[in-house]
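Residues per chain are reported as follows:
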Amino acid sequence: MSEDPYAVLRADDALASLLSEHGELAPERADDPFERLVVAVTNQSVSLESAAAIRERLRDVAEFTPAALRDADPEALRDAGLTDTKVRALRELAERYPDGIAHDDFAGLSDDDVREELGAVYGVGDWTANMFLLFALGREDVFPVGDLGIRRGMEALYGHESRAEMRAHTESWAPYRSYASLYVWRAYEG
């Protein structure tokens, strides 16, 4: 196993090209993991543009803290653009993590354990858990095949159409699939 994630990526011609174009991208830990989890829930099943608009309206209704979400009027949350499922998910997360989330809260958990814990909350599935792993905890080996941008990027880069093909292809990127995912998204966006 290489100690350099970029050496792993450079072994893949398509990723090597994207690495040259975009420089060294890396997963990062969020300053406020709870806020990042709220963003992930808000972003579920909507376009990037819609998600940004909903988040902006949501910020006018409540801060992205457990206390503010517990106290927010559910109707106001729905008026901001959240579905009933998302309102319930955010309120359950605010109850489950009343003091927010610290990185240490998940330090001893595997990625699968984090997915299981978050998945116990209504309306939180693998996609949301994977976004949390990538963008809140900065985990290095997450490949969110459930994300449309990832699937479109894999189709564009490699012609893969099935999730099984995509997962098989990513085996060579382990344990740095999060790094690769950032480049696959760039391929989709570009």
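What counts and how
Residues numbered from 1 in each chain as written. Predicted model: local features only at pLDDT ≥ 70, side-chain atom pairs only at ≥ 80, totals over all residues. Heavy atoms only, no water. Helix = DSSP H or I, 4+ residues; strand = E, 2+ residues; numbered from the N terminus. Rg over C-alpha atoms; globule rule 2.2 N^0.38 Å. 1 Å grid on protein atoms, 1.4 Å probe; cavity = no way out; pocket = protein on both sides within 12 Å on 5 of 7 lines; lining within 4 Å. Points joined across faces, edges and corners; volume = space filled by probe spheres on them. Buried < 20%, exposed > 50% of the residue type's maximum accessible area, 1.4 Å probe, protein only. Core = buried A, V, L, I, M, F, W, Y, C linked by side-chain atoms within 4.5 Å. Contact = heavy atoms within 4.5 Å. Polar contact = N/O pair within 3.5 Å; in protein donor to acceptor, adjacent residues only side chain to side chain. pLDDT = per-residue confidence, 0-100. Phe/Tyr/Trp six-rings, centres within 6.5 Å; stacked < 30°, edge-to-face > 60°.

(A) Representation of the overall build of the protein within the structure. Regarding its fold elements, the protein presents twelve helices and zero strands. N-terminal to C-terminal, the α/β element order of the protein is α-α-α-α-α-α-α-α-α-α-α-α. Over its C-alpha atoms the protein spans a radius of gyration of 17 Å, differing by no more than 12% from the 16 Å that the globule rule assigns to 190 residues. Projected onto the principal axes, the alpha-carbon positions of the protein cover approximately 50 × 35 × 30 Å.

(B) The arrangement of the layout of surface pockets in detail. Each pocket or cavity is described by its volume, and for the largest pocket that value is around 600 Å³. Lining the largest pocket are 20 residues, and of these Leu 48, Trp 127, Asp 147, Gly 149 and Trp 185 lie nearest its centre. Going through the elements one at a time, helix 3 (33-43), helix 4 (48-61), helix 9 (126-135), helix 10 (148-158) and helix 12 (177-189) are the ones with two or more residues in the lining of the largest pocket. For the lining of the largest pocket, the leading source of residues is helix 12, giving five residues.

(C) Fine view of unusual backbone geometry. Look at the link from Ala 174 to Pro 175: it is a cis peptide, with omega at 5°. Within the secondary structure layout, Pro 175 lies in the loop between helix 11 (163-170) and helix 12. Of note in this structure, Ser 45 is not a glycine but carries a positive phi near 55°. In this fold, Ser 45 is placed in the loop between helix 3 and helix 4. Note on Ser 45: relative accessible area 79%, which makes it exposed.

(D) Expanded view of the nonpolar core. Grouped together as the largest cluster of nonpolar side chains are 60 residues, with contacts concentrated most on Leu 15, Leu 118 and Phe 132. The biggest single contributor to this core is helix 12, with seven residues. Non-local contacts of Leu 118, meaning those with residues more than four positions away in its chain, are made with Leu 37, Tyr 97, Phe 106, Val 124, Ala 129 and Phe 132.

(E) Quick peek at the environment of Glu 95. Structurally, Glu 95 is set in helix 7 (residues 84-96). Judged by its relative accessible area of 54%, Glu 95 is exposed. A sequence separation of 26 residues divides Glu 95 from Leu 69, and the C-alpha atoms of the two residues are 9.1 Å apart.

(F) Up close: the side chain of Arg 115. Assignment of secondary structure puts Arg 115 in helix 8 (residues 111-119). We classify Arg 115 as buried; its relative accessible area is 19%. Within the structure, the side chain of Arg 115 is placed 2.8 Å from the side chain of Asp 112, a separation counted as a polar contact. With residues up to four places along the chain from it excluded, the contact list for Arg 115 reads Asp 126, Ala 129, Asn 130, Leu 133 and Val 142.

(G) Structural view of the confidence of the model for the protein. The share of residues in the protein with pLDDT of 70 or more is 99%, and the mean pLDDT across the chain is 95. Mean pLDDT across the elements of the protein bottoms out in helix 4 (93) and peaks in helix 11 (97).

(H) Structural context of the packing of aromatic side chains. Evaluated as defined, the whole model comprises seven aromatic pairs. Seen from their ring centres, Tyr 6 and Tyr 179 are 5.6 Å apart, and the 85° between their planes marks the pair as edge-to-face. With Tyr 6 in helix 1 (residues 5-10) and Tyr 179 in helix 12, the pair connects residues that are 173 residues apart, well separated along the chain. Relative accessible area serves as the criterion here: at 8%, Tyr 6 is assigned to the buried category. Its relative accessible area of 7% is what places Tyr 179 among the buried residues. Ring geometry for Tyr 97 against Phe 106: centres 6.2 Å apart, planes inclined by 50°, an arrangement best described as tilted. Across the pair, Phe 106 and Tyr 97 agree in class, each one buried.

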